[in-house]
Structure formats: structure tokens, C-alpha cells
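Residues per chain, in single letters:
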Amino acid sequence: MISRLLVFDNADEPELLVDWLPHNPRGKALLTSRAAVFDAVGIVQPIALDVLNEDEAVTLLVQRTGRDERTGAAALNQELDGLPLALEQAGAYIKQQHIGFESYLKLYERLGLTQLEKAKANTGNYPSTVLKTWKLNFEAVAETSPAAAKLLQLSAFFAPDDIPYWIVIAGVKHLGDTLAEQLEQEDYELASVAMAELLAPLNQYSLVRWDAERYCYSVHRLVQTVIRDELSSETQSVWLKQVTNLLNEVLPDVEKFETLPIYYAQVLPHGLSVIALNYTVGDLSEALAVLSTKIASHLCQQGKYEQAEPIFVNTFTLTKHLYGDEHAGVETSLNNLGMVYLHQGKYEQAEPIFVNALTLTKHLYGDEDAGVAGSLNNLAGLYEEQEQYSKAKPLLLEALKIYQGCFGNLDSHVANILNNLARIYEEQGEYKEAQKYYENAFSIWQVLLGNKNPYVGLSLNNLAMVHEKQGQYEEAEFCLTQSLLIWKKIFSDDHPYLALNYQNLATVYEKQERYCLFAWLRQNDVHFGTPHI
């Protein structure tokens, strides 16, 4: 008996095959399709084809073009994300035009997928382009569910991976009537069901990778590029305005530390994507300045100062563009930029920024305003880092007087200044005076913030080292272990505050001659560093 193979290529509507599949097959039937569900033809577990991995993609590009430039091919693949048809098109264009991978990538970055569409290069057995292929799917989804099509357009402005349901649901009031009618439900569970209904047709046409168990989904970066390319610049600006407002809605203020690990970890890549797109095709708006400040401030709190710096630089330029030179937003941007320079040890860049911020704050609010105290504190911190204590101390004492006049003694701003004064006394060897100031700061923070705030951990850490310098090792160890418990709940394992805490704890163990514990910290991959606090 002869075994046969029956192939149905591009079977994107499996239900149409019901009458064509043999009832008593003498071989096998193979379906290729962009669809994801095949219940109509009795296929329960289709075999999903993933994108090419980097080695496969680079090999394809090298073989297709005859150019053994693997580094350039890898860079191009990173942009095309392993999609075989896109790689084939790129390879065909490169070969026909006799250009390198780097040159093609520059063209692609400037012109987008329109460049692929215009290329007349022969792609062998793949006559359809990426744009034509996906446009058919977009049109099919739009006919089936206009709200699902809107969700896909929205998703083109997020980062491609792991878009959580809750971001869309929590900020849906910013997204127009079509999505709002679907997703504004009585509770989150009903809204999640509505999200699943919107994702189903997108999943059916392989436009998203749906992870229902984790309540999130992903979109291939080229799908996002195609969608954005098909939108007018005006429509892209409207979507970016809506998405920027959405993220500002769902992100808590950076001072709300208890919520930061969950919210910011999930939102961060999407915030970075929206910020970048705003600077290319969006509006330079106040909402963008707010979002940029939230994202960059969170990066600083996680010790990622290099990543935060360019965002703060752009935000400073943006606020000047929006408000002129003399505005509260400019003053805030100056202080934020100065702090990110300070944390990286870029003192020469930080000093004129802080001086300008102090001058502007006094001009805007007068000499006795709390904002002036904040600017004084920042400048004092810079001088302290450079061990210029005679310059730092009078600035802090002036700031303390202003804060106490504005808020009274039981205030977090007052606690912060007390902590900073204590540090200067400690550096000058006046340990009893330093301990008194640290204890006052700790008492205020504990009353105001409880035991789940990083400032409480910082105060305990500082107090511990004053105890250590006075030979009070048990008191130092207790403070450091409490500080570590607080910080591990808030910060990632690579945060500089944790490095500082472990380093200080090791110092105490060594002074106590508890060498086993000291060696354990050194041998168990604990990161040590010398962070700027």
C-alpha cells in the first residue's frame, strides 16, 4: 500500500477543511497555518513553530547573503527577532543591493518595514512579504472584533514581552470607548474574562503569544512595527498620549515603597518603551515628563543610575521646553539630575546642577521654603561625599531649621537631615553625637513609616556602624540584621544598599572574631561593594 502525504498550506481558516479531509486516510495530512486553534478538524495539540534562535537566524542570513559577517547578522536578527520570513526578506534585499548587514539595519531603523515592502528582491518560494502576510490577519481580526483590533494597536506601544492584563484594565478609562465598553467591569475577575475574550481572536491568528495562567501576553516586535507603520503619525500620537496617561495612572508615586517591587518590576519595560516612542513619534508633553520622572526615580532606587541618567537628562531638557527656565518642574529636574550624577561619583557635573537648583528654588519660593531646604540638603550631600564637611554642615543646619519651621519636629524631612548630620559627626569621629542624631532620625522614621520602608533600614544601618566604631558589636549586629530584613523585601539582590549591608555585617563579624560567619558571607557569592549612599 502506498502511503500518501496530503498538504494544506496556509490553512488559516481550519473550519474550511472539514469537507476536504479524507474520512479513511491512507496516509498523513499536514496543515500549515497562522491559526492557533484547530478544534474544527480534530487537532487538539498542534505543533507550534517558534522563531529561530540566534545561531539559526545568523546561519540563515550568512547563507542567504553569502556574507560571513556574523556579528552584523546577529545585530540584524536582534531587531527582526528571529522571524524567518523577515530574515529571508532582509537577506534577499542585502544580496540584491550588495550592501552589508549594518547598512541594511540603518535603513530598516530609518524606514521601518516599508523598506521591506518596497524591496523587489526575489525571495525564492516566499513571494508574500511580512507586511502583506500580517495585514491579512489584522483585517480578519478587525472584522471579527473591533475591540480586539484596538487592543492590538494599543499593544504596539508597549514592550513586546509580558504585557500584564492589569495594566490595561487599571488604566482603561484613558483608552477610548471601544476598549472601555469591553473592559470596564464590576471587578478584576470579570475584567480579566473580558481581556481573555479580546485576546482569543488575536491568539487565533498568531498575533499574540498568550499566557493565560500568568494573566499576560506578548506581541512579536515585528507585529508591533507593522501595526505602527500602518498608523498615521497623528494616530500614533493619540495612542502614545493614551498609553502615557495610562501608565501614569497605574504607577504609584515612587515614595510608596510597599507597592514598588510588584508594580514597577512589571511596568518598567513598558514605561521605557513608551518613553522612547514618545521622543520619536509622540508629543513632548507634561505627562511624558511625569512618566519619565517616575521611571527614572525607580531606576535610581534600584541602584541603576547609568540607566536613569539619560532619562533625567532628557526630562530636564523637556521641562525647560515646556515651562521655560524659571519653573518648579525645572527645579525638580535639576535636583533629580544632580542626584543621579552624585550617586555615580560625577561630582564635577553634580555641583553646578545643585547650585543652579538652589538659586532657582530661592528665586521661586523665597529663602524659608521647604524646597530650599531640599536643595540645601542635596548640595550638602555632594560636599559630604567629597569630605568637605565644613561646607556641608552649615547647609544641613540651615535645612534643618527650615524643615522644623515648616513641618515641626515629627517629620520625615527632619529625620533625613538629622541622619545626614549624624553621618558628618561620624566621619569627624564624634561618635556619641552621631549616635544621638541617628537615634533621633530612626525614632521619627519608625513612627511615621513603620518597619517596611528603606529609610528605616538606612537609619538602622548607619546606627549599627556607629555602635561598631564604639565597640558595641551586639547592638551593631542587631541593627544590621533588622536593616537587612527590611531591604531584602524592597530591593533586588544586586542593589548597592544590600552590598553595603553585607559589607558592614562582615565587618562586625570580623571584629567579634566570628570568622565562620565572616567567611560564609565571603564564600557564598554575597556581593560586596562601595556604594554611594
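Computed from a predicted model, the values in this text were never measured in an experiment.

Caption draft 1: Expanded view of the overall build of the protein. Counting secondary structure elements, the protein contains 25 helices and five strands. Principal axes of the C-alpha set define a box for the protein whose edges measure 95 × 60 × 55 Å. Taking the intrachain contacts of the protein between residues at least 6 apart in sequence as the baseline, contacts between residues at least 24 apart amount to 64%. As displayed, the protein offers around 26800 Å² of accessible surface, 50% of which is attributable to carbon and sulfur atoms.

Caption draft 2: How the structure looks around helix α3 (residues 84-97). The end-to-end C-alpha separation of α3 is 20 Å, in line with the 20 Å expected for 14 residues at 1.5 Å each. Turning to α3, its buried residues are Ala86, Leu87, Glu88, Gln89, Ala90, Gly91, Ala92, Tyr93 and Ile94.

Caption draft 3: Seen up close, the nonpolar core. Core analysis: the biggest nonpolar cluster contains 151 residues, and Leu151, Tyr217 and Leu247 have the highest contact counts within it. If sequence neighbours within four positions are ignored, leucine 151 has contacts with Val168, Leu179, Met195, Leu198, Leu199, Leu202 and Tyr217. Counting residues in hydrophobic clusters, the runner-up holds eight residues, among them Ala11, Leu17, Ala35 and Phe38.

Caption draft 4: Quick peek at the side chain of glutamine 236. Following the sequence through the fold, glutamine 236 ends up in helix α12 (residues 233-250). A residue is classified by how much of its surface remains accessible, and glutamine 236, at 10% relative accessible area, is buried. Residues in contact with glutamine 236, not counting those within four places in the same chain, are Phe157, Arg228, Leu231 and Val281.

Caption draft 5: The arrangement of the sheet that holds strand β5 (residues 216-218) in detail. Spatially, the three strands line up as an open sheet ordered β3-β5-β4, and their pairing is antiparallel. In this open sheet, the two strands that pair with only one neighbour each are β3 (163-164) and β4 (209-211). Bridging between β3 and β5 involves two bridges; their strand directions are antiparallel. Across the sheet, the residue bridging to proline 164 is cysteine 216, located in β5. Here helix α10 (residues 188-204) sits on the sheet in contact with β4 and β5, set at roughly 145° to β4.

Caption draft 6: Inspection of the environment of threonine 59 at higher detail. Along the chain, threonine 59 falls in helix α1 (residues 54-65). Residue threonine 59 is classed as partly exposed on the basis of its relative accessible area, which comes to 29%. A distance of 2.8 Å separates a polar side-chain atom of threonine 59 from the backbone oxygen of aspartate 55.

Caption draft 7: Representation of the confidence of the model for the protein within the structure. Counting all residues, the mean pLDDT for the protein is 86, and 90% of those residues have values of 70 or more. Across residues 524-533, where pLDDT falls below 50, the model places 27 contacts with residues more than four positions away in sequence or in other chains.

Caption draft 8: Fine view of the packing of helix α21 (residues 431-449) against helix α22 (residues 454-469). The N-to-C vectors of α21 and α22 enclose an angle of 155°; their axes lie 9 Å apart at closest approach. Classed by the angle they form, the pair α21 and α22 counts as roughly antiparallel. Considering only the axes of α21 and α22, their crossing is left-handed. Residue-level inspection shows Tyr431, Ala434, Gln435, Tyr438, Glu439, Ala441, Phe442, Trp445, Gln446 and Leu449 of α21 in contact with α22, the latter providing Tyr455, Val456, Ser459, Leu460, Asn462, Leu463, Val466, His467 and Lys469. Its residues assigned to classes, the contact of α21 with α22 comprises twelve nonpolar, five polar and two charged.

Caption draft 9: Fine view of the pattern of salt bridges. All chains considered together, the criterion is met by 14 salt bridges. Lysine 173 is paired through a salt bridge with glutamate 249; the nearest N and O atoms lie 3.5 Å apart. Of the two residues, lysine 173 sits in the loop between α8 (165-170) and α9 (177-183) while glutamate 249 sits in helix α12, which places them 76 residues apart along the sequence. For lysine 173, a relative accessible area of 55% puts it in the exposed group. If you follow the salt bridges from partner to partner, you end up with Asp162, Asp211 and Arg214 in one network.

Caption draft 10: Broad picture of the environment of leucine 31. Inspection of the secondary structure assignment puts leucine 31 in strand β2 (residues 27-31). Residues leucine 31 and asparagine 10, 21 residues apart in the sequence, show an inter-C-alpha distance of 7.6 Å. Setting aside anything within four residues of it in sequence, one finds leucine 31 in contact with Phe8, Leu17, Phe38, Val41 and Ile43.

Caption draft 11: Fine view of a nonpolar patch on the surface. On the surface, a nonpolar cluster with roughly 280 Å² of combined accessible area is contributed by Leu5, Val7 and Leu30. According to the relative accessible area criterion, valine 7 is partly exposed, its value standing at 45%.

Procedures and definitions
Residues numbered from 1 in each chain as written. Predicted model: local features only at pLDDT ≥ 70, side-chain atom pairs only at ≥ 80, totals over all residues. Heavy atoms only, no water. Helix = DSSP H or I, 4+ residues; strand = E, 2+ residues; numbered from the N terminus. Contact = heavy atoms within 4.5 Å. Areas by Shrake-Rupley, 256 points an atom, 1.4 Å probe, with all protein chains shown as cover. Expected span 1.5 Å × (residues − 1). Buried < 20%, exposed > 50% of the residue type's maximum accessible area, 1.4 Å probe, protein only. Core = buried A, V, L, I, M, F, W, Y, C linked by side-chain atoms within 4.5 Å. Pairing = 2+ DSSP bridges. Axes fitted to C-alpha atoms, helices over the stretch in contact; angles between N-to-C directions. Polar contact = N/O pair within 3.5 Å; in protein donor to acceptor, adjacent residues only side chain to side chain. pLDDT = per-residue confidence, 0-100. Parallel < 35°, antiparallel > 145°, perpendicular 65-115°, else oblique. Left-handed = near helix turned anticlockwise from the far one by under 90°. Nonpolar A, V, L, I, M, F, W, Y, C, P; charged D, E, K, R; others polar. Salt bridge = Lys/Arg side-chain N within 4 Å of Asp/Glu carboxyl O. Patch = residues over 30% accessible without salt bridge, like charges linked within 9 Å, V, L, I, M, F, W, Y side chains within 5 Å.

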